[in-house]
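Structure assessment
Each chain, written out:
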Amino acid sequence: MRSFILPVLSFTLGLAASAIADPTISPWRLHEKRSHIPAGWTRARTLDPSASIPLRFALAQSNTEHIEALLNEVSHPASPSYGNHWSAGQVAAKFSPSPESVEAVRAWLIESGVEPHRVKLSPTKGWLEVNSTVEEAENLLLAEYHVYDHESGTKHIACESYHLPEHVVPHVDFVTPTIHFDAKLRKRDQYNNRVLIGQPGQGSSPKTTGKVQDILNQLENCDEQITPICLRTLYGLWYEPVSGKSNSYGIVEYTPQAYIQSDLDMFAKNFSTGLEGVSPTMVSIDGGFLQTVNVSFGYNAESNLDLEYSMTLVTKGQNVTLYQVGDVAEGASFNTFLDALDGTYCPYDGGDDPSQDPVFPDTADGGYTGNEDCGTVKPANVMSTSYAYNEADLSAAYAIRQYNEYAKLGLMGVTILYSSGDFGVGGTSGNCLNPDGNQTADGKIFNPSFPSTCPYVTSVGATQVSPGQSVWDPEDACWEVIYSGGGFSNYFSMPHYQKRAVKGYLATNPISYSKDIYNSTGTSRAYPDLSANGANYLVTINGSFSLIYGTSASSPVVGAILTMVNDARLARNKSTIGFINPTIYSREFARDFKDVTNGTNPGCGTLGFNATKGWDPVTGLGTPHFPSLLDKWLAL
């Protein structure tokens, strides 16, 4: 959906348009360009021209230019079609590539000398595939391929840029393998120290100040330890579900992260009723399993945190589904998860990128040897994920393909939550951007987090009960150990639903930073959308209690609150709330959030942005007040 790319940010996007003369077809245009080699990779050598390379052309999806309006129809509280969500079949039919796109790309390939029998169309018409050679691929794309080495030992095939004929450009979203580097790197050892999604040390993982000996489970101690009673009081979540069998709440985890049942039981014994011995319903995706080889904070904290609090807050009356994604050998990416939810998004069925994402069956030691999960998993009504990339880790085209998928899930009535990051304006790792696009610890340019910047997910920031304050006092933006991720996208333009709120912030809070260090256009997607407490969580990990910090905690708490809203609506034969952003930004709903007006989100050598009255790029609209929001949603 190219209208959502922000071309003013060429240092990040690396997208441009330039004509290259070609006497036989039409003028060529630069389709994608990478401005830098990602951290950890080095260009090693060129490839043998006769080496095999599987080219895949992601065909432009139909009607994506209307996807915001279509989603708004079923998501805006003023719409007469609010809650009239689509079926998966309706979504697939609406957005599949047009026959014209299929034919345009196929005809060009054949005219360029590719034998017709080598041009294969995926069953859902999402991709055209050509098993090519390096020489042929370079001629087709006006590209030069190299082997890149990663510090882990992994090798990757990529190019710095590629081109397409002008008449083909409108029909292709992107081509693989080309410039992309968000690969799930193969491990030389079963568990190594590389920083990947689900790996210990990954920037979006929760942080800790260590173990605690004494449990403080009284409301007067919520500035020292957050327990479920603190959260219930902060957000008014005193509710017993009545529609548990028809409702669903999903927590998404990535192997090797794994929960420990004895820890869940220990937490339940202290803070829950009826949950001792209760496990989430696990849905394994592409070999996802509860690994027990490594048992430590780095491998168990995320899953334990998410499940201990989500299960307790929705009570024993609501089952929680655990989506455990990826095997030990390759791990997983967000696309791995999306593949399982939507069969039209898989590598051979339209949407995945084998050069970046895991490929199954996986023959590596410990790999998942079954077929890829492709449209085999039903999405829960609400799904919370506490992992993230930086936008700069991805190409714009790749991110756009994925963000359209989140919009489709919203059309089907699914609420997608992502944590906004723990390093303020420094993205998911604390590294910031440089003018050349590289990410370094001493960078000065703000580094937005993805998928939080996707307009079709709900981004959750972090607040805290500051020392000496109580649960009845206003919360502050989180400043102990972590800072709430927030800012402005370098890829996506501002969706209509948040224009009033964000422009109000910009008008009343002039930003004094140089316009070179953040997206100062005033027209880009801003995040987070809302927040919840993210500091001093008491969590059972490996048989002991520890204090945990992070938007990793905030997202599943918001998910529990929204799951209880769905429970009440389903009890009245109403639809699920689905994509909530148009609703929560509306005048009717925005006032039912507790405003957070104190704090900043430092990073990149600055104090970041400031929390203030109304929406801000630190805590969003503020924290949810369940009773008020429930009343409003029940009236729709």
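Cut-off values and rules
Residues numbered from 1 in each chain as written. Predicted model: local features only at pLDDT ≥ 70, side-chain atom pairs only at ≥ 80, totals over all residues. Heavy atoms only, no water. Salt bridge = Lys/Arg side-chain N within 4 Å of Asp/Glu carboxyl O. Buried < 20%, exposed > 50% of the residue type's maximum accessible area, 1.4 Å probe, protein only. Disulfide = S-S within 2.5 Å. Helix = DSSP H or I, 4+ residues; strand = E, 2+ residues; numbered from the N terminus. Axes fitted to C-alpha atoms, helices over the stretch in contact; angles between N-to-C directions. Parallel < 35°, antiparallel > 145°, perpendicular 65-115°, else oblique. Left-handed = near helix turned anticlockwise from the far one by under 90°. Contact = heavy atoms within 4.5 Å. Nonpolar A, V, L, I, M, F, W, Y, C, P; charged D, E, K, R; others polar. pLDDT = per-residue confidence, 0-100.

Observations regarding the pattern of salt bridges
- Under the defined criterion, the tally for this structure stands at ten salt bridges.
- When the shortest N-O distance is used, the salt bridge between Lys155 and Asp149 registers 3.0 Å.
- Between Arg525 and Asp529 there is a salt bridge whose closest N-O contact spans 2.7 Å.
- When its relative accessible area of 0% is taken as the criterion, Asp529 is described as buried.
- The network of salt bridges with common partners includes Glu115, Arg118 and Glu136.

Concerning the state of the cysteines
- For the structure shown, the criterion picks out two disulfides.
- The disulfide partner of Cys222 is Cys230, and the S-S distance across this bridge is 2.0 Å. With the S-S dihedral at roughly -90°, the linkage between Cys222 and Cys230 falls on the left-handed side.
- Residue pairing for Cys432: its cysteine sulfur links by disulfide to Cys604, the two sulfurs lying 2.0 Å apart. The disulfide joining Cys432 to Cys604 has a torsion of about -90° about its S-S bond and is therefore left-handed. Taken as a pair, Cys432 in strand β18 (residues 432-433) and Cys604 in the loop between β28 (593-594) and β29 (623-624) lie far apart in primary sequence, 172 residues in all. Accessibility classification places Cys432 together with Cys604 in one group, the buried group.

Some words on the packing of helix α8 (residues 297-314) against helix α12 (residues 551-571)
- In contact at an axis separation of 9 Å, α8 and α12 are set at 25° when each is read in the N-to-C sense. The orientation of α8 relative to α12 falls into the category roughly parallel. Our pair here, α8 against α12, has a crossing hand that is right-handed. Contact with α8, carried on its side by Glu302, Leu305, Asp306, Leu313 and Val314, involves Ser552, Ala553, Pro556, Val557, Ala560, Thr563 and Met564 of α12 and no other residues of that element.
- For the contact of α8 with α12, the residue count by class is eight nonpolar, two polar and two charged.

Some thoughts on unusual backbone geometry
- Between Thr176 and Pro177 the backbone carries a cis peptide bond, its omega angle lying at -10°.
- Among the secondary structure elements, Pro177 is positioned in the loop between β10 (172-176) and β11 (207-212).
- Look at the link from Thr255 to Pro256: it is a cis peptide, with omega at 20°.
- Among the structural elements, Pro256 can be located in the loop between β12 (249-254) and α7 (261-271).
- A positive phi angle, near 55°, is found at Asn542, a position not held by glycine.
- Mapping Asn542 onto the fold places it in the loop between β26 (537-541) and β27 (544-549).
- Residue Asn542 is classed as partly exposed on the basis of its relative accessible area, which comes to 31%.

Regarding the packing of helix α2 (residues 67-75) against helix α10 (residues 396-411)
- Contact pair α2 / α10: the axes reach a minimum separation of 9 Å and the direction vectors enclose 25°. Our classification of the angle between α2 and α10 gives roughly parallel. Handedness of the crossing formed by α2 with α10: left-handed. Packed against α2, whose contacting residues are Ile67, Leu70, Leu71 and Val74, the element α10 presents Asn404, Ala407, Lys408, Gly410 and Leu411 at the interface.
- Here the residues of the contact of α2 with α10 are counted per class, giving six nonpolar, two polar and one charged.

Here's the deal with the confidence of the model for the chain
- Summing up the model confidence of the chain, the mean pLDDT is 88 and the portion of residues at 70 or higher is 89%.
- For residues 1-25, every residue scores under 50 in pLDDT, and the model assigns this stretch 71 contacts once sequence neighbours within four places are set aside.

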